[in-house]
Amino acid sequence: MVTAERTDHELIERFLDGDEQSFNVLVRKHQDFAYNIARKLVGNHEDAVESAQRVFVKLYGQLGSFDRRSAFTTWLYRVVTNESLNLLRKRRVRRWFSFDESDQSMVATENDPFETLLETEKRERLMEALETLPDRQRAVFVLRMMEGRSYAEISQILGVSEGSLKASFFHAVKKLSTRMEKLYENR
Amino acid sequence: MKTDKSCTEIQALIESVLIEGVTDARDRVGEHVAECDDCRKYLNDLGNLSILPRPEFTLPFPERDTFSATVRSRIELRGRVPERRPLFVSPVTQVAVLLLVVVSVFLYLARTDDDGRYAVSPAWYGEAARYDDPYAVADYTMLDNGIVAFMLIEPFQSDVSIPTYDQSGSIFGYELYDELDELSEDELDLFFARLEML
């Protein structure tokens, strides 16, 4: 982890010294990370790609202000989360989720086709249920439950107090649980 | 149904157990949820959610290969300029600038005029009179514009006189400054006489 962060910092240093190629390396290194977070937050492939690309376009002009005492990924979490939530607000009129059967971006974890199908269905229902959550609750749930971040880290990422985050997570769990039950009942 | 302030703490422990895999708190959670409906419900809800497969996404083909290039083209399209590190922050730049300044100053000071003299004062610098005379001129400096500046020893330390010239180019007199103005006429005569000795 230390080595990875040092490498990130080295790439940033080199980029700031004028090495454009270092920025490309940084993008390729973290593109899946950014896309993964964005995808969980915005819920569909197109918006997730758009969000992740916006993040890196934004980073290109802001890497100079990156505080090198902290981990680059923590900073990236913050930028991706904020960008994704902004995108959600702007495109609220659109249908957020558009899962299709041929979604290639979902990583399969089981080799058994039947198991894979069940897992995929469960994931899809979870993502579908996430759709019903307000932005902050969705962000807290994704970062806490899916990304395993601590409240202290999420507080840094979202700029919200830990107390408020705990309350948001509590409500998110209650709503998602209810929503998941309804989804299973209707299918 | 038991609901008290400890519920908040127990809910945090439930999260620790189910999300972070902390096992130490299991017994305490178990004791509490046996009597608390709200916390038992929360444990069930979070437990059901925690066993769901967590989605992980990776960029599919062809975005995986084109993502970086697309980002680059969007940057160029917007004409964004990166916030570079200021040049003076770079140690290499600092050393280079320091060397440049030192060399520039050296070359400027070392340049000579047509007579081979240093063009920048002090061009001539030396003793003009006896040091044992309290009114003597101790040092003088010939500036490159022809003006002679005199530095006096005690009691007129650091006073300066600037010569004025007549039409033939000879020294006509001196403009005196500071303490020299306070000299008596005799003292000034003596001072001018010393200057004539130069």
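Residues numbered from 1 in each chain as written. Chains lettered and ligands numbered in written order. Predicted model: local features only at pLDDT ≥ 70, side-chain atom pairs only at ≥ 80, totals over all residues. Heavy atoms only, no water.

**Q** It is not clear to me how the packing of helix α2 (residues 20-42) of chain A against helix α4 (residues 72-90) of chain A should be interpreted in this structure. Could you clarify?
**A** Two numbers describe a pair of packed helices, the interaxial angle and the distance between the axes. All names here are of chain A. Between α2 and α4, the least distance of the axes is 9 Å, while the angle of their chain directions is 45°. When the axis of α2 is compared with that of α4, the two are oblique. The way α2 lies across α4 gives a crossing that is right-handed. Contacts between α2 and α4 involve L26, H30, F33, A34, I37, A38, L41 and V42 on the former and, on the latter, F72, T73, L76, Y77, V80, T81, S84, L87 and L88. In terms of residue class, the contact of α2 with α4 is built from 13 nonpolar, 4 polar and no charged. (Axes fitted to C-alpha atoms, helices over the stretch in contact; angles between N-to-C directions. Helix = DSSP H or I, 4+ residues; strand = E, 2+ residues; numbered from the N terminus. Parallel < 35°, antiparallel > 145°, perpendicular 65-115°, else oblique. Left-handed = near helix turned anticlockwise from the far one by under 90°. Contact = heavy atoms within 4.5 Å. Nonpolar A, V, L, I, M, F, W, Y, C, P; charged D, E, K, R; others polar.)

**Q** Got a minute to help me understand the interface of chain A and chain B in this structure?
**A** The figure often quoted for interface size is the accessible area lost as the parts come together. With 52 residues of chain A at the contact, the number on the chain B side is 35 residues. Together chain A and chain B conceal approximately 4500 Å² of surface at their shared face, both sides included; 58% is due to carbon and sulfur atoms. Ranking the residues of chain A by area buried against chain B places Q53, V57 and M145 of chain A at the top, with a combined share of 15%. A salt bridge links D32 of chain A to R64 of chain B, with the shortest nitrogen-to-oxygen separation between them at 3.2 Å. (Buried area = accessible area lost by both parts, 1.4 Å probe. Salt bridge = Lys/Arg side-chain N within 4 Å of Asp/Glu carboxyl O.)

**Q** Where do I start with the packing of α2 of chain A against helix α6 (residues 135-146) of chain A in this structure?
**A** Residues and elements named next belong to chain A. Viewed as axis vectors pointing N to C, α2 and α6 meet at an angle of 135°, and their least axial separation amounts to 9 Å. In terms of their interaxial angle, α2 and α6 are classed as oblique. Note on packing geometry: the crossing formed by α2 with α6 is right-handed. Facing K40, L41 and V42 of α2, the residues of α6 in contact are R138, A139, V142 and M146. Classifying every residue of the contact of α2 with α6 gives 5 nonpolar, no polar and 2 charged.

**Q** Looking at this structure, I do not really get unusual backbone geometry. What am I missing?
**A** Working note: non-glycine residues mostly have negative phi, and peptide bonds are mostly trans. The omega angle of the peptide bond from F61 of chain B to P62 of chain B is 10°, so this bond is cis rather than trans. Structurally, the position occupied by P62 of chain B is in the loop between α3 (37-50) and α4 (63-78).

**Q** I would appreciate a short explanation of the packing of aromatic side chains in the present structure.
**A** Any aromatic ring pair is given by two values, namely how distant the centres are and how the planes are angled relative to each other. The tally for this structure, following the rule as stated, stands at 11 aromatic pairs over all chains. With centroids separated by 5.3 Å and ring planes inclined at 40°, the aromatic side chains of F15 of chain A and F23 of chain A adopt a geometry described as tilted. For F15 of chain A, a relative accessible area of 1% puts it in the buried group. The exposure class assigned to F23 of chain A is buried, which follows from its relative accessible area of 1%. Judged by centre distance (5.7 Å) and plane angle (85°), the rings of F56 of chain A and F67 of chain B are edge-to-face. Placement of the pair is F56 of chain A in helix α3 (residues 45-62) and F67 of chain B in helix α4, with the two residues belonging to separate chains. For the pair formed by F56 of chain A and F67 of chain B, the shared burial category is buried. Clustering of aromatic rings is evident, with ring pairs tying together F15, F23 and Y60 of chain A. Over the face of the ring belonging to Y151 of chain A we find R144 of chain A, whose NZ or CZ atom lies 4.6 Å from the ring centre. (Phe/Tyr/Trp six-rings, centres within 6.5 Å; stacked < 30°, edge-to-face > 60°. Buried < 20%, exposed > 50% of the residue type's maximum accessible area, 1.4 Å probe, protein only. Lys NZ or Arg CZ within 6 Å of the ring centre and 35° of its normal.)

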